[in-house]
Amino acid sequence: MQNIQEVKDFLSMLPGGVFCVSVDGDLVYCNDAVWELYGCTGLAELRAFSENNFWNLIHPDDRPALKTLFRSAQQEEVRAEYRVIRKDQGIRWVFSVVRLAACHDGSMLVYGFQLDVTANKNRRGQESQGDERLRVLAEINNDIIFDLDCQTGHTVLYGDFEKRFGRSPQLSDFQSDPYAPMSQVPELVVDTQSGFSGKGNHVEKIQRDVQLPTGDGRTAWCRYQVGILRDSEGKPLRHIGCLLDIQDIKAKEEALRRRAQHDLLTDVYNRETVQEMIAYCLREREISPQVLMIIDLDDFKHINDTYGHPAGDKVLCHLAKTLSKAFRIGDIIGRLGGDEFMVFLNRVKSLEKVYQRATSLCTDAFNDFDKRIINGESVTFSIGAACSMNTNCTFAEFYDCADKALYEAKRRGKGIACFHDLQK
């Protein structure tokens, strides 16, 4: 008897309740924690409540699967989570480990324990619901939400990264922070199921718009918003944030910016933008030749009056397109208004080549123009250009010199280019 009592005392120290039932479900033994789990005051009350049958304590929806599982316990230890019913009709989640063993008379008994995991189950359910909410929000907005462990590279992702960017995620996608030394982490470990714990002593907030590479060699705009958790020494522990999809926003911003800076008809820069850009270049004080050209169509009023403004618009668009092709990408090309255009060349390597280009434009610019629009008439334009090595000149001085050169070209018969040196 003393040994039996010692065993019972030992069993009472174990977490959860220890039980023994027959294969048919008869309650053979249980310690105090078992009948307390079911809201009873003793084994007798538990037997009365359950009609002395273990299976009556199991939630009806879980009984069939649990019976099948228990029958397999003869081969090996079985673990399971299932619901049980208390005397007050409350429901509890329990975790069990059981094994089927044979008695000396050949009968089979199920030995095991039950541990109340209701609180943990509820917490996991809440976390699962939270994860699901984050996943839904990420998918609705085409965003990516992430939680990155800076030490291990372990990252929890919400949202379809590969669908958004057409490639697998990399560490650099979630580390837009120059002070986060993560080069020692060999690769990104992505976990789309659950988060992890960890706290920092300091949180640094960062927001910036970035362009991340896509699988097709292009880029996609994202708003990188992150909280960086650092320890007391400033070492980054976690990056928790999101990559917001702002591709449409950036496209609209670019469209508005372009509309504000460009001439609506010809799609080259408008007058205000050209002046601002040239003034900026002049302030940079580049010690290299600079050239400002004013291009003016000859007798353009005659074209509008004779063939109408739609024909005149086609002439203007053709000239703008030709100028854009004739000069470098970094050169500034704009429409000042009416039939007048401007070209600014910075860091010119050869003034002679610029003069040759201007002369050939006057001769060839409208060779491929559909002259049926203007009944076969020729279209010419004059160019007045100002050249300068003086980096201290202003836009007004440059423009005045080029305008005088344009007047000279008109006076000499039109359809030609005249160059004036700003220093002379």
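In case you missed it, the structure is sitting above this.
Within each chain, residue numbers correspond to sequence positions counted from 1 in written order. With pLDDT at 70 or above as the cut-off, local features in this predicted model cover only qualifying residues; side-chain atom pairs require 80 or more to be listed or tallied, and sums for whole chains, interfaces and linings still use all residues. For side-chain calculations, the full set of non-hydrogen atoms in the structure is used, while hydrogens and water are omitted.

Draft legend 1. Just the nonpolar core, in detail. Counting residues in each nonpolar core, the largest one holds 34 residues, and the members touching the most others are Met293, Ile295, Leu297, Phe327, Phe366 and Phe381. Working definition: helices are DSSP H or I runs of at least four residues, strands are E runs of at least two. Numbering for both runs from the N terminus. Broken down by secondary-structure element, the contributors of at least two residues to this core are strand 12 (290-297), helix 9 (300-307), helix 10 (309-326), strand 14 (340-345), helix 11 (351-364) and strand 15 (381-388). Broken down by element, this core gets its largest block of residues, seven residues, from helix 10. Excluding anything up to four places from it in sequence, phenylalanine 327 contacts Met293, Ile333, Val343, Leu345, Arg357 and Leu361. Think of a nonpolar core as a cluster: buried Ala, Val, Leu, Ile, Met, Phe, Trp, Tyr and Cys residues, connected wherever their side-chain atoms sit within 4.5 Å. When a residue's accessible area, from a 1.4 Å probe over protein chains only, is under 20% of the maximum for its type it is buried; when over 50% it is exposed; and in between it is partly exposed. Contact between two residues is taken to exist if any of their heavy atoms lie within 4.5 Å; hydrogens are not considered.

Draft legend 2. Expanded view of the pairing of strand 4 (residues 91-102). Two strands make a pair as long as DSSP finds a minimum of two bridges between them. Both strand 3 (residues 78-85) and strand 4 contribute to a ladder of eight bridges, which runs antiparallel. Note that in strand 4 the partner of alanine 80 across the bridge is serine 96. Adjacent in sequence and paired antiparallel, strand 3 and strand 4 are bridged by five residues, among which glutamine 89 carries a positive phi angle near 70 degrees. Relative to strand 5 (residues 108-116), strand 4 runs antiparallel, the two being bridged by nine bridges. Residue valine 98 lies in a different strand from strand 5, and its bridge partner there is glycine 112. Turn length for the strand 4-strand 5 hairpin, with the two strands adjacent in sequence and antiparallel, is five residues, and the turn residue glycine 106 shows positive phi of about 95 degrees.

Draft legend 3. Expanded view of empty space enclosed by the protein. A pocket here means an open set of points on a 1 Å grid, computed over the protein atoms alone, that has protein on both sides within 12 Å along at least five of seven lines. A cavity is instead a set of points where a 1.4 Å probe fits but cannot get out; residues with an atom within 4 Å of a point line either one. Grid points are joined across faces, edges and corners, and a volume is the space filled by probe spheres set on the points. Taken as a whole, this structure holds one cavity of 30 Å³ or more when the rule is applied. There is about 40 Å³ of room inside the largest cavity. Any residue that is not Ala, Val, Leu, Ile, Met, Phe, Trp, Tyr, Cys, Pro, Asp, Glu, Lys or Arg is counted as polar, Gly included; the first ten are nonpolar and the last four charged. Tallied by class, residues from the lining of the largest cavity come to eight nonpolar, one polar and no charged.

Draft legend 4. Expanded view of unusual backbone geometry. Phi at arginine 347 takes a positive value of approximately 55 degrees, unusual for a residue other than glycine. With respect to the helices, strands and loops of the structure, arginine 347 is situated in the loop between strand 14 and helix 11. Phi is positive for lysine 414, close to 70 degrees, though the residue is something other than glycine. Inspection of the secondary structure assignment puts lysine 414 in the loop between helix 12 (395-411) and strand 16 (417-421).

Draft legend 5. Here's a closer look at helix 11. The span expected for a helix works out to 1.5 Å for each residue beyond the first. Across its 14 residues, helix 11 extends 20 Å between first and last C-alpha, which sits within 8% of the 20 Å expected from 1.5 Å per residue. Taken together, the buried positions of helix 11 are occupied by Val354, Ala358, Leu361 and Cys362. Seen from one end, helix 11 has its buried residues packed into an arc of 100 degrees, which puts them on one side. Away from its buried face, by an angle of more than 90 degrees, helix 11 presents the exposed residues Lys353 and Thr363. Looking at the packing, one finds that the buried side of helix 11 touches strand 12, helix 10, strand 14, strand 15 and strand 16. To obtain the arc, one takes the directions from the helix axis to the C-beta atoms.

Draft legend 6. Examining the layout of surface pockets more closely. Considered as a void within the structure, the largest pocket measures approximately 250 Å³ in volume. Forming the boundary of the largest pocket are Ala326, Phe327, Arg328, Asp331, Leu345, Val348, Lys349, Ser350, Lys353, Val354 and Arg357. Taken together, the residues of the lining of the largest pocket sort by class into five nonpolar, one polar and five charged. Here the second largest pocket defines a volume of roughly 160 Å³. Lining the second largest pocket are 13 residues, and of these Tyr269, Ser324, Ile329, Asp331 and Ile333 sit closest to its centre. Grouping the constituent residues of the lining of the second largest pocket by class yields seven nonpolar, three polar and three charged.

Draft legend 7. Broad picture of the packing of helix 9 against helix 10. In this analysis, axes come from line fits to C-alpha atoms, helices being fitted only over the stretch in contact, and the angle between any two N-to-C directions falls in the range 0 to 180 degrees. Two elements in contact, helix 9 and helix 10, have axes whose closest approach is 6 Å; the angle formed by their N-to-C orientations is 140 degrees. Considering their axes alone, helix 9 and helix 10 lie oblique with respect to each other. Judged by residue contacts, Phe300, Ile303, Asn304 and Tyr307 of helix 9 engage His309, Ala311, Gly312, Val315 and Leu316 from helix 10. In terms of residue class, the contact of helix 9 with helix 10 is built from six nonpolar, three polar and no charged. These descriptions rest on fixed angle ranges, namely under 35 degrees for roughly parallel, over 145 for roughly antiparallel, 65 to 115 for roughly perpendicular, and the rest for oblique.

Draft legend 8. Fine view of the packing of aromatic side chains. Stacked, edge-to-face and tilted are the three classes for Phe, Tyr and Trp ring pairs, Trp counted by its six-membered ring, which pair at centre distances within 6.5 Å; planes under 30 degrees apart are stacked, over 60 edge-to-face, the rest tilted. Throughout the structure, instances matching the rule amount to twelve aromatic pairs. Centre to centre, the rings of phenylalanine 344 and phenylalanine 398 are 6.0 Å apart; their planes meet at 90 degrees, and the pair counts as edge-to-face. With phenylalanine 344 in strand 14 and phenylalanine 398 in helix 12, this residue pair connects regions lying 54 residues apart in the sequence. When its relative accessible area of 1% is taken as the criterion, phenylalanine 344 is described as buried. Residue classification places phenylalanine 398 among the buried residues on the basis of a relative accessible area of 0%. Ring-pair connections join several aromatic residues into one group, and the members of that group are Phe146, Phe161, Phe165, Phe174 and Tyr224. Sitting over the ring of phenylalanine 165, arginine 164 keeps its end group 4.9 Å from the ring centre. Whether a charge sits over a ring depends on NZ of Lys or CZ of Arg being within 6 Å of the ring centre and within 35 degrees of the ring normal. Of note, lysine 250 hangs over the ring of tryptophan 221, and the distance from its end group to the ring centre comes to 4.6 Å.

Draft legend 9. Seen up close, the side chain of threonine 322. Its location among the elements puts threonine 322 in helix 10. Among the residues examined, threonine 322 registers a relative accessible area of 16% and is labelled buried. The contact partners of threonine 322, leaving out residues within four places of it in the chain, are Leu361 and Ala365.

Draft legend 10. Structural detail: the sheet that holds strand 15. As summarised here, the arrangement of the five strands in space is 13-14-12-15-16, forming an open sheet in which the pairing is mixed. The open sheet terminates on both sides in strands that have one partner only, identified here as strand 13 (332-337) and strand 16. Going across the sheet, the axis of each strand differs from the next one's by a mean of 20 degrees, ignoring polarity. Pairing of strand 12 with strand 14, which is carried by six bridges, proceeds in the antiparallel orientation. When the sheet's bridge partners are listed, methionine 293 is paired in strand 14 with valine 343. Along the sheet, helix 8 (residues 271-283) contacts strand 12, strand 13 and strand 14; its crossing angle with strand 13, the most-contacted strand, is approximately 135 degrees. With respect to the sheet, helix 11 is in contact with strand 12, strand 14, strand 15 and strand 16, its orientation differing from that of strand 16 by roughly 150 degrees.

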